[in-house]
4 protein chains.
Amino acid sequence: MKKIAVFTSGGDAPGMNACIRAAVRTGIYKGLEVYGIYRGYEGMIEGDIKRLYSHSVSNIVQRGGTMLKSARSEEFRTPEGRKKAYENLKELGIEGLVAIGGDGTFTGAKLFFEEYGIPTVGCPGTIDNDIYGTDYTIGFDTAVNTALDAIDKIRDTAAAHDRIFFIEVMGRDAGFIAVESGIGGGAEFVMVPETKTDLKQVVKSLKNLRKSKTSSIIVVAEGDDLGNADEIMKQVKSQIKDPNKEFKVTTLGHIQRGGNPTARDRVLASRCGMAAVEGLLDGKTNCMAGVMNQQVVYTSFGDCIGKPKPLIQDHLKLIDILSI
Amino acid sequence: MKKIAVFTSGGDAPGMNACIRAAVRTGIYKGLEVYGIYRGYEGMIEGDIKRLYSHSVSNIVQRGGTMLKSARSEEFRTPEGRKKAYENLKELGIEGLVAIGGDGTFTGAKLFFEEYGIPTVGCPGTIDNDIYGTDYTIGFDTAVNTALDAIDKIRDTAAAHDRIFFIEVMGRDAGFIAVESGIGGGAEFVMVPETKTDLKQVVKSLKNLRKSKTSSIIVVAEGDDLGNADEIMKQVKSQIKDPNKEFKVTTLGHIQRGGNPTARDRVLASRCGMAAVEGLLDGKTNCMAGVMNQQVVYTSFGDCIGKPKPLIQDHLKLIDILSI
Amino acid sequence: MKKIAVFTSGGDAPGMNACIRAAVRTGIYKGLEVYGIYRGYEGMIEGDIKRLYSHSVSNIVQRGGTMLKSARSEEFRTPEGRKKAYENLKELGIEGLVAIGGDGTFTGAKLFFEEYGIPTVGCPGTIDNDIYGTDYTIGFDTAVNTALDAIDKIRDTAAAHDRIFFIEVMGRDAGFIAVESGIGGGAEFVMVPETKTDLKQVVKSLKNLRKSKTSSIIVVAEGDDLGNADEIMKQVKSQIKDPNKEFKVTTLGHIQRGGNPTARDRVLASRCGMAAVEGLLDGKTNCMAGVMNQQVVYTSFGDCIGKPKPLIQDHLKLIDILSI
Amino acid sequence: MKKIAVFTSGGDAPGMNACIRAAVRTGIYKGLEVYGIYRGYEGMIEGDIKRLYSHSVSNIVQRGGTMLKSARSEEFRTPEGRKKAYENLKELGIEGLVAIGGDGTFTGAKLFFEEYGIPTVGCPGTIDNDIYGTDYTIGFDTAVNTALDAIDKIRDTAAAHDRIFFIEVMGRDAGFIAVESGIGGGAEFVMVPETKTDLKQVVKSLKNLRKSKTSSIIVVAEGDDLGNADEIMKQVKSQIKDPNKEFKVTTLGHIQRGGNPTARDRVLASRCGMAAVEGLLDGKTNCMAGVMNQQVVYTSFGDCIGKPKPLIQDHLKLIDILSI
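- Under an unreviewed UniProt entry, chain A has the name ATP-dependent 6-phosphofructokinase and belongs to Algoriphagus boseongensis.
- In its Function (unreviewed entry) section, UniProt records this for chain A: "Catalyzes the phosphorylation of D-fructose 6-phosphate to fructose 1,6-bisphosphate by ATP, the first committing step of glycolysis."

Regarding the overall build of chain A
Okay, step 1: Helices and strands together make up the secondary structure of chain A, namely 11 helices and 11 strands.
Okay, step 2: Its C-alpha atoms give chain A a radius of gyration of 22 Å, within 12% of the compact-globule value 20 Å for 324 residues.
Okay, step 3: A burial count over chain A gives 64% of its 324 residues as buried.
Okay, step 4: Contacts in chain A between residues far apart in sequence, at least 24 positions, make up 75% of those at least 6 positions apart.
Okay, step 5: Approximately 11300 Å² of chain A is accessible, and the part contributed by carbon and sulfur atoms is 48%.
Okay, step 6: Charge separation in chain A, taken as the distance between the mean sites of 41 positive and 41 negative side-chain charges, equals 3 Å.

Description of the domain arrangement of chain A
Residue and element names in this part refer to chain A.
Okay, step 1: Taken domain by domain, chain A comprises domain 1 (3-139 + 261-306) and domain 2 (144-257).
Okay, step 2: Using C-alpha coordinates to define each centre, domain 1 is positioned 35 Å away from domain 2.
Okay, step 3: Taken together, the contact pairs 10 residues of domain 1 with 9 residues of domain 2.
Okay, step 4: Carbon and sulfur atoms make up 51% of the area that domain 1 and domain 2 hide from each other, which totals about 810 Å².
Okay, step 5: Joining domain 1 to domain 2, the criterion identifies 0 salt bridges.
Okay, step 6: At the boundary of domain 1 and domain 2, one finds 1 residue pair in polar contact (both at pLDDT 80 or more).
Okay, step 7: Tallied by class, residues from the side of domain 1 that touches domain 2 come to 4 nonpolar, 3 polar and 3 charged.

A look at the packing of helix H1 (residues 16-29) of chain B against helix H9 (residues 263-281) of chain B
All names here are of chain B.
Okay, step 1: At their nearest, the axes of H1 and H9 sit 7 Å apart, and the two run at 35 degrees to each other. Here H1 runs over H9; the crossing is right-handed. The residues of H9 that touch H1, namely those facing Ala18, Cys19, Ala22, Ala23, Thr26 and Gly27, are Arg266, Ala269, Ser270, Gly273, Met274, Val277 and Glu278.
Okay, step 2: Its residues assigned to classes, the contact of H1 with H9 comprises 7 nonpolar, 4 polar and 2 charged.

Focus on the relation of the copies chain A and chain C
Okay, step 1: The operation relating chain A to chain C is a screw motion whose rotation component is 180 degrees, with 0.0 Å of axial translation and a residual RMSD of 0.0 Å. Accordingly, the operation relating the two chain copies is best matched by a two-fold axis. Identified as the residue of chain A closest to the rotation axis by C-alpha distance is A:Asn293, at 2.2 Å.
Okay, step 2: Interface overlap between copies is the fraction of interface residues in one copy that are interface residues in the other; for chain A against chain C it reaches 100%, indicating a shared surface.

Quick word on unusual backbone geometry
Okay, step 1: A positive phi angle, near 50 degrees, is found at A:Asn293, a position not held by glycine.
Okay, step 2: Note on placement: A:Asn293 falls in the loop between strand S10 (287-292) and strand S11 (295-300).

Re the side chain of B:Glu168
All names here are of chain B.
Okay, step 1: Examined against the element boundaries, Glu168 turns out to sit in strand S6 (residues 163-169).
Okay, step 2: The buried charged residue Glu168 lacks any salt bridge partner; its closest oppositely charged side chain belongs to Arg172, at an N-O distance of 8.2 Å.
Okay, step 3: With residues near it in sequence (within four places) discarded, Glu168 still touches Val220, Glu222, Asn228, Ala229, Thr250, Thr251, Leu252 and Gln256.

Regarding the sheet that holds strand S6 (residues 163-169) of chain C
Residues and elements named next belong to chain C.
Okay, step 1: The parallel open sheet is built from 4 strands, whose spatial order is S7-S8-S6-S9. Since the sheet does not close on itself, it has two edges, and those belong to strand S7 (189-191) and strand S9 (246-251), each with one partner. Sheet twist, expressed as the mean angle between neighbouring strand axes with direction ignored, is 20 degrees.
Okay, step 2: As defined by bridge partners, S7 adjoins strand S8 (residues 216-221) across 3 bridges and the pair is classed as parallel. The residue bridging Met191 from the neighbouring strand is Val220, located in S8.
Okay, step 3: Most of the contacts of helix H8 (residues 229-240) go to S9, to which it runs at about 170 degrees, and overall it touches S6, S7, S8 and S9.

Some details on the packing of aromatic side chains
Remark: the centre distance and the inter-plane angle together describe each pair of aromatic rings, the angle taken between the planes.
Okay, step 1: Under the counting rule described, the total for this entry stands at 32 aromatic pairs over all chains.
Okay, step 2: Ring geometry for C:Tyr136 versus C:Phe140: centroids 5.7 Å apart, planes at 10 degrees, classification stacked. Just as C:Tyr136 is buried, C:Phe140 falls in that class too.
Okay, step 3: An aromatic cluster is defined as three or more aromatic residues linked by ring pairs; in this entry it consists of A:Phe7, A:Tyr41, A:Phe76, A:Tyr86, A:Phe112 and A:Tyr116.
Okay, step 4: The side chain of C:Lys284 reaches across the aromatic face of C:Tyr298, ending 4.5 Å from its centre.
Okay, step 5: Seen from the ring of B:Tyr136, D:Arg264 lies directly overhead, with NZ or CZ sitting 3.9 Å from the centre.

A closer look at the environment of C:Pro79
Okay, step 1: Here C:Pro79 lies in helix H3 (residues 79-92).
Okay, step 2: Along the sequence, C:Pro79 and C:Leu111 sit 32 residues apart, while their C-alpha atoms lie 10 Å from each other.

Here's the deal with the pairing of strand S5 (residues 120-124) of chain B
Residue and element names in this part refer to chain B.
Okay, step 1: By the criterion of burial, S5 is predominantly enclosed, with 5 of the 5 residues buried.
Okay, step 2: Covered by surrounding structure in S5 are Thr120, Gly122 and Pro124 together with Val121 and Cys123, the residues of both alternating faces.
Okay, step 3: Direction of pairing for strand S4 (residues 96-101) relative to S5: parallel, over a ladder of 5 bridges. Its bridge partner lying in S5, Val98 is registered against Val121.
Okay, step 4: Regarding the hand of the β-α-β motif, the stretch spanning S4, helix H4 (residues 103-116) and S5 is right-handed.
Okay, step 5: Bridging between S5 and strand S10 (residues 287-292) involves 2 bridges; their strand directions are parallel. Considered in S10, the bridge of Val121 is made with Cys287.

Examining the interface of chain A and chain C
Okay, step 1: Counting residues at the interface gives 50 residues for chain A, matched by 50 residues for chain C.
Okay, step 2: Both faces combined, the contact of chain A with chain C buries some 4500 Å², and carbon together with sulfur accounts for 56% of it.
Okay, step 3: The tally of links from chain A across to chain C stands at 8 salt bridges.
Okay, step 4: Our count for the chain A to chain C interface comes out at 16 residue pairs in polar contact (both at pLDDT 80 or more).
Okay, step 5: Breaking the side of chain A that touches chain C down by element, the ones donating at least two residues are helix H1 (16-29), helix H5 (140-161), helix H6 (176-185), helix H9 (263-281) and helix H11 (313-322) of chain A.
Okay, step 6: With 8 residues, the single largest contributor to the side of chain A that touches chain C is H9(A).
Okay, step 7: Across the side of chain A that touches chain C, the residue classes break down as 17 nonpolar, 17 polar and 16 charged.

Notes on the environment of A:Lys196
Okay, step 1: With respect to the helices and strands, A:Lys196 occurs in the loop between strand S7 (189-191) and helix H7 (199-208).
Okay, step 2: Put simply, A:Lys196 and A:Asp225 are 29 residues apart on the chain and 6.7 Å apart in space, counted from C-alpha to C-alpha.

Focus on the UniProt feature "binding site: ATP" (unreviewed entry) in chain A
Okay, step 1: The sites that UniProt annotates as "binding site: ATP" (unreviewed entry) are A:Gly11, A:Arg72, A:Ser73, A:Gly102, A:Asp103, A:Gly104 and A:Thr105. For this annotated set, covering 95 residues, all C-alpha atoms fall within 14.1 Å of each other, a compact arrangement in space.
Okay, step 2: Inspection of the secondary structure assignment puts A:Gly11 in the loop between strand S1 (3-8) and H1.
Okay, step 3: Setting aside residues up to four positions removed in sequence, A:Gly11 forms contacts with A:Met16, A:Gly125, A:Arg257 and B:His161.

Calculation rules
Residues numbered from 1 in each chain as written. Chains lettered and ligands numbered in written order. Predicted model: local features only at pLDDT ≥ 70, side-chain atom pairs only at ≥ 80, totals over all residues. Heavy atoms only, no water. UniProt positions renumbered as here; feature names shortened; annotations may be inferred. Helix = DSSP H or I, 4+ residues; strand = E, 2+ residues; numbered from the N terminus. Rg over C-alpha atoms; globule rule 2.2 N^0.38 Å. Buried < 20%, exposed > 50% of the residue type's maximum accessible area, 1.4 Å probe, protein only. Contact = heavy atoms within 4.5 Å. Areas by Shrake-Rupley, 256 points an atom, 1.4 Å probe, with all protein chains shown as cover. Lys, Arg positive; Asp, Glu negative; His and termini not counted. Charge placed at Lys NZ, Arg CZ, Asp CG, Glu CD. Domains from an automatic or database assignment. Buried area = accessible area lost by both parts, 1.4 Å probe. Salt bridge = Lys/Arg side-chain N within 4 Å of Asp/Glu carboxyl O. Polar contact = N/O pair within 3.5 Å; in protein donor to acceptor, adjacent residues only side chain to side chain. Nonpolar A, V, L, I, M, F, W, Y, C, P; charged D, E, K, R; others polar. Axes fitted to C-alpha atoms, helices over the stretch in contact; angles between N-to-C directions. Left-handed = near helix turned anticlockwise from the far one by under 90°. Least-squares fit on C-alpha atoms with pLDDT ≥ 70 in both. Pairing = 2+ DSSP bridges. Phe/Tyr/Trp six-rings, centres within 6.5 Å; stacked < 30°, edge-to-face > 60°. Lys NZ or Arg CZ within 6 Å of the ring centre and 35° of its normal. Right-handed = clockwise from strand over helix to strand, strands pointing away.

Here it is as structure tokens:
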């Protein structure tokens with residue numbers, strides 16, 4: 001293998017730049033030519049591909065976003081699109097790919113390998129942490145800390161006014177951000193897609209909360225079974241029926257995707273980027289480089305996409321105990 | 001004057017604690033007994049008032065929110081409510097008040113003085129900066145920096161994806177937060193209540209933005225004449241009609257009220273708190289202690305509430321020039 | 001077991017408050033009376049012990065430092081000191097202890113159990129991460145992020161001026177903070193106690209660094225075998241002999257111990273605090289509750305203190321590769 | 001005037017990039033060609049000058065440091081050096097300069113104008129705030145907040161251990177950073193070059209501090225008349241003679257120069273950059289564009305350099321009162 005290319009795809013996540021940097025420099029360190037593909041599969045189809053050097057990735061380890069940009073590509077879902085992509089890679093002589101992204105990214109890479117045989121090793125780049133095969137995904141730690149910072153700020157104002165706040169964090173299918181920011185932020189309740197939310201119980205508890213607790217914070221993952229934060233607030237409000245209580249909703253939204261990555265995300269991203277290139281050189285393909293139990297592990301794309309990644313049971317227990 | 005009391009009222013603002021601390025310690029330094037009234041006028045009516053000592057305000061200068069809590073009081077708008085409040089103060093022998101808050105707080109204090117003659121000096125505690133008689137209000141600088149931090153984060157993800165972001169910041173009647181965070185965050189447009197927003201011009205400009213500018217950020221004060229960020233986004237989207245452009249809205253909400261106060265807010269708050277007590281001892285009443293041109297100035301409540309505080313013209317000019 | 005007490009000892013670490021809170025509330029949740037011992041073993045000897053309730057630990061999860069304070073105790077090293085401590089605990093009927101701290105804390109607890117039979121379960125509270133039996137210690141993640149934030153800031157000014165910066169971080173015996181902040185901060189070199197620093201190689205590399213790299217950052221753990229950052233800088237400077245190069249040293253010092261704990265530290269601390277109480281109720285003693293591979297594990301104090309905890313080899317490799 | 005150039009010189013300060021951006025875009029907006037001179041006067045002499053476009057300054061408003069780099073130039077102090085610099089400018093047809101820096105920068109610009117008649121308008125770029133003609137300098141607000149953040153962190157650990165901390169902040173000739181970070185951080189004492197430090201009084205007060213105040217923070221400007229923080233600590237320690245008290249020193253150093261600029265610094269920098277270009281077009285020279293009392297003012301370089309800028313008296317009073 002002489003030439004490889006790296007790209008980011010799907011929703012961006014803090015730490016992607018650190019991952020790109022590690023992949024590029026590891027490749028160069030190992031004697032490879034390294035290319036960057038811009039805007040994910042879209043750029044692969046359009047041939048938006050440039051040679052990257054060591055200095056190309058200077059001064060990006062600390063930046064959010066992705067210098068290679070990201071995009072969704074409808075065209076890559078078509079055989080014609082993938083054919084164009086393959087021809088562009090072939091023309092440049094690219095023999096291996098590092099794909100930084102999530103489920104959709106890996107699904108695309110798997111299909112592409114089956115059709116055209118270009119080996120790909122993935123890196124788990126998504127804030128949601130919902131990928132099997134790695135304890136944490138790149139961007140998750142930063143997103144949790146951003147959510148936590150917002151919860152801390154809202155607690156200031158909640159405490160000043162005796163209010164009940166519903167804070168919606170990202171997580172359409174997974175409650176990891178909600179759970180960890182909820183524990184860290186001292187939330188009274190956390191509502192996640194993985195567990196059935198018992199509204200009656202919540203209402204009952206809110207009424208019973210000891211008098212000294214004048215404000216309450218409820219963290220809601222956007223994909224909770226009862227709906228989003230706004231919908232849940234309305235249901236709770238209608239059942240509590242206390243005109244003196246104020247109910248407020250804050251939806252954190254895209255700020256969770258940005259920001260300088262935390263130390264943990266930069267280190268994890270660097271490690272995955274290095275391991276992906278080492279994996280390619282080792283003959284690996286169709287798998288993702290993750291970190292579990294402090295060790296690099298390679299997991300097949302099939303498992304990454306298909307296997308469930310459950311919440312940590314202790315964390316759910318903590319929420320119950322700590323809100324007393 | 002031997003005994004004074006301090007309270008916070010209206011929406012809380014970062015720096016209120018620093019202001020309370022300065023008022024309390026200045027009072028004690030000057031030989032006064034100082035009391036804290038909890039939950040603003042509501043606590044004044046209910047007699048929720050405690051003696052404060054120097055150590056009562058230790059370790060709060062750096063905290064958001066207000067240790068004295070805040071509340072709206074319907075009852076204080078009634079003659080009966082104010083009578084109760086007066087009786088509580090009289091019973092404790094309180095002869096002067098430091099009122100930290102905004103328009104509503106000062107309106108109440110003015111009326112109360114007219115009826116019961118208890119002198120009050122105010123401190124400008126509100127994130128909106130819309131009070132005449134001070135260059136900046138307590139909490140404004142922190143709120144702007146919080147908004148700016150969010151804009152910086154969103155720019156990361158906007159740049160990664162070629163998107164147009166509408167970010168709604170606080171400011172029902174005043175565009176100060178929008179303007180300063182917009183300049184600081186490098187926004188392409190800023191929409192504020194003080195100026196008529198020309199939607200056609202915005203749409204035209206967005207279409208013409210040079211190609212290298214792949215993402216755009218538009219900061220919207222919640223009180224813009226065209227509506228909130230969500231409504232404006234829909235109007236812009238319907239007129240741009242480009243299926244490849246993604247339009248996203250983020251409403252920052254209550255995180256702007258929280259957080260550790262910035263240096264500027266802590267210093268301003270400390271200065272206003274000290275000046276309020278010095279003002280009371282000087283025989284002042286019915287006025288607010290603010291800082292203009294680096295000097296403490298006292299402005300009558302009537303002027304604080306009634307006089308307009310225009311945006312700085314240079315700032316509006318900057319937005320035009322810097323978005324090219 | 002009906003009554004337990006919790007204390008912090010040794011150097012303070014961000015997250016200790018979250019750990020205290022979790023221990024207190026888990027105890028109460030399980031039906032125990034919980035006490036707080038102030039200033040570690042010193043307070044145990046002096047009887048500075050108070051009952052803690054659920055509300056006693058409200059609003060502390062986000063604060064650095066330790067509400068129970070910490071101290072070194074010479075007296076506890078004497079049989080007389082430990083006897084007094086025991087009598088104070090006995091008088092209150094305390095039957096179990098949660099000890100949050102590091103090596104010294106656990107050594108004391110071990111001895112105390114051997115002499116007086118009061119079971120103790122520990123929690124790993126130290127920023128250095130040098131305790132066997134847990135992947136990370138409480139406070140480490142915050143300290144790394146604080147160091148990283150400083151490195152990011154110094155990089156701004158290093159890049160503006162073509163300078164070589166030596167940044168000293170904490171770590172007398174362990175290089176964890178140096179390694180993770182060095183990888184995350186994009187340092188050119190990292191010097192740690194665990195590996196022999198080859199000064200000749202450093203000097204040679206600094207001379208050879210490609211021309212485009214105008215500034216360099218070297219992270220030094222305070223316990224490096226070549227000395228502290230100031231001493232190493234002088235050696236490097238005398239060997240490089242380039243009058244145009246500026247050499248600067250920054251010693252981060254105690255800021256690494258403070259600050260609001262990160263999400264990771266709050267979650268880890270909460271989990272250890274809960275597990276410590278559960279361990280006591282389970283009949284455990286003389287061991288520490290840590291988290292390895294996402295699971296709570298209990299490790300004997302003997303192993304915690306005696307077994308080495310090596311740096312992660314991949315991390316050392318990363319530093320070499322990423323500085324090209 | 002058709003062509004202007006902008007440069008940064010002296011110590012870098014957060015906000016310099018925002019100032020460069022504003023100068024560049026204002027120039028282009030007004031129809032000028034704008035050039036960037038790299039590494040200050042050094043680059044002027046070496047001809048390290050490049051045309052800048054609107055996109056050249058994209059995405060820098062939020063970054064610390066200076067994209068144009070900075071350097072000290074011995075050669076510019078010689079007639080030969082300045083002659084070379086002039087010839088480089090003349091060759092490119094540059095008719096006006098925007099000089100971002102402090103005293104030294106303006107002294108050079110003044111001399112250069114007197115010799116070669118190239119008009120220069122300056123912008124106050126220095127963290128020390130010691131330039132007459134502007135309420136605040138660019139970078140000061142960020143530096144104060146960085147210092148304050150460090151003080152907050154150290155307070156956490158000071159409070160946990162009953163310690164006396166001496167924190168040294170920048171300010172060789174001016175105490176602005178020390179005073180504002182000291183007020184904001186709740187310091188017990190602040191020592192600055194502008195006032196004589198009475199060590200006896202400090203020692204006496206430290207001994208008398210009420211018992212509930214278990215830790216103390218003393219902020220020292222590096223240029224205090226009694227020496228730096230380390231020297232002062234030793235003097236205090238030798239006079240207090242309390243073996244139970246721990247004395248610790250932290251020198252913040254270069255982290256105060258870095259970091260993303262605050263909102264205030266970005267807005268001030270943008271305004272000064274715009275005003276400098278407008279001033280040049282208005283025929284101004286040999287003066288600095290600053291902001292006083294919310295208005296742009298132009299002050300002659302002679303006054304900027306020569307006139308003293310005293311500390312705000314109220315601030316010194318605040319320190320006395322608030323430390324009770």
